[in-house]
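Below are the chains, spelled out letter by letter.
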Amino acid sequence: MLFWIARVCSTVGYQMLALTIGWQIYELTNSAFDLGLVGLIQFVPAVILTLLIGHAADRYDRRLIVRSAQCVHVLAAMMITTALIAGVLNRELLFGAVFLIGCARAFELPTAHSLVPALVPAPMIGRAIAAWTSANQVAVICGPALGGLLYAVSPKLVTSLCILFFSASIVLISFVRARGVAETREPPTVASVLAGFNFIRTRNRLLGVITLDLFVVLLGGVTALLPIFARDILAVGPSGLGLLRSAPAVGALLTTIWLSNHPVERHIGPKMFGVVAIYGLATVAFGLSKSFPLSLAVLALLGLADALSVVIRFSLVQIETPDDKRG
C-alpha cells in the first residue's frame, strides 16, 4: 500500500509537470517539431542508459534507485518553478529539465516495475501488477485534470505542487520493505549487462510481447502532440489539455479494476493482438476527430485497450523472469 500511494504521488507530479512543459513549449515556440523533441529528449536517455539501468536495478537496492530518481524530478520541477517566478523561462531551460526527467524516468520505471514482485507472494503477482497499473491510471486521470485546472490559475502553483508530490513519494518509498532486495555489488561486466538480452533471446514469448509493444509505442503515440489538438484543433485550452491527457487513463482504470479481480488466463495471444488493433484504430479516430467529446471517448477506448496489453505484458515478463534479471 505504501508503494501504491508513492506511485500515485510520483505519477501525479509527473503528469502535472509534463502538462506544464508541453503547454509552455507550444506557447513559446508554436512548433510541432519542438513538441516532438520533448518526447525524443525523454526517449534518448532510456536508449543510451539501457544496459547500465538493468545492471543497477538487479544489483543495488531498488528503493534507493527509485528515491534517487524522484530527487532528480524534484530538481527539474524546482528549475522550472524558479524560472517561472523570475520570468526567465525559455525553450532551452525546458529542454534541459526534460532531459533530467528522461534520465530519472529511465532508471525509475524499470526499477519500480521489478520491485513489485518483491512486495507480494508469488501467486498474487498478476493481481499486484493490475493494482500497480491502476495506481498509474488513477494518477494519470487526476494529475492532468488537476494540473489543467490549476494552470489556469497559475503555472507556478502547478510546478510547486509537483515538488510536493515528488517529495511525498520519496518519503513513502523510504518506508517500503521488500523481500529479496539485491545485495550484490560486483562491477558491471559484458556478461552481466547483456544478461537480459541473452535471456529474452531464449524466451520466444517474452521476445514476442516486447517486440509488439516496441512497434505500438513507436508508431501509435499521440501524447506529445496533445497541446496542438487542445489549442488549435479542439480549442479547449489548458483545462481541455488536462482532460485529453486524462481520458486514456479513465478507460485504463476501468480495465485494471476489472483485471484485479478477473485476471486474463486463457487465449492470451489472440487477446493481445485484438487490443493492439483496437489501440491503432482508436489512434486513427482521434487524429481525424474535430469533436472534443468524441476525442475524449476514443482516447478512453485507446486507454482501455492499452491497459489490457500492459497487464498481460508486465505479468508475463515479471512471472517468467528470475529476480536477478528483472531490471
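Residues numbered from 1 in each chain as written. Predicted model: local features only at pLDDT ≥ 70, side-chain atom pairs only at ≥ 80, totals over all residues. Heavy atoms only, no water.

(A) Spatial organisation of the nonpolar core. Among the nonpolar cores identified, the biggest contains 64 residues, and L17, I21, I80 and F286 are the most heavily contacted of them. For this core, the leading source of residues is helix α1 (residues 2-29), giving 11 residues. Ignoring sequence-local partners within four residues, the contact set of F286 consists of V222, L226, F229, L244, S295, V298 and L299. In this structure, F3, V120, A128 and I173 belong to the second largest nonpolar core, which totals 16 residues. (Core = buried A, V, L, I, M, F, W, Y, C linked by side-chain atoms within 4.5 Å. Buried < 20%, exposed > 50% of the residue type's maximum accessible area, 1.4 Å probe, protein only. Helix = DSSP H or I, 4+ residues; strand = E, 2+ residues; numbered from the N terminus. Contact = heavy atoms within 4.5 Å.)

(B) Representation of unusual backbone geometry within the structure. One non-glycine residue, N30, lies in positive phi territory at about 50 degrees. With respect to the helices and strands, the residue N30 is situated in the loop between α1 and α2 (32-48). N30 sits in the partly exposed class, given a relative accessible area of 47%. One non-glycine residue, A235, lies in the positive phi region at around 55 degrees. By the secondary structure assignment, A235 is in the loop between α11 (226-233) and α12 (237-261).

(C) Molecular detail of the packing of aromatic side chains. A complete count under the given rule lists one aromatic pair for this structure. Their ring planes at 40 degrees and their centres at 4.6 Å tell us that F229 and F286 sit as a pair that is tilted. One end of the pair, F229, is in helix α11; the other, F286, is in helix α13 (residues 268-288), and 57 residues separate them in sequence. Neither residue differs from the other here; F229 and F286 are each classed as buried. Positioned over the ring face of Y14 is R105, at 3.7 Å from the centre of the ring. (Phe/Tyr/Trp six-rings, centres within 6.5 Å; stacked < 30°, edge-to-face > 60°. Lys NZ or Arg CZ within 6 Å of the ring centre and 35° of its normal.)

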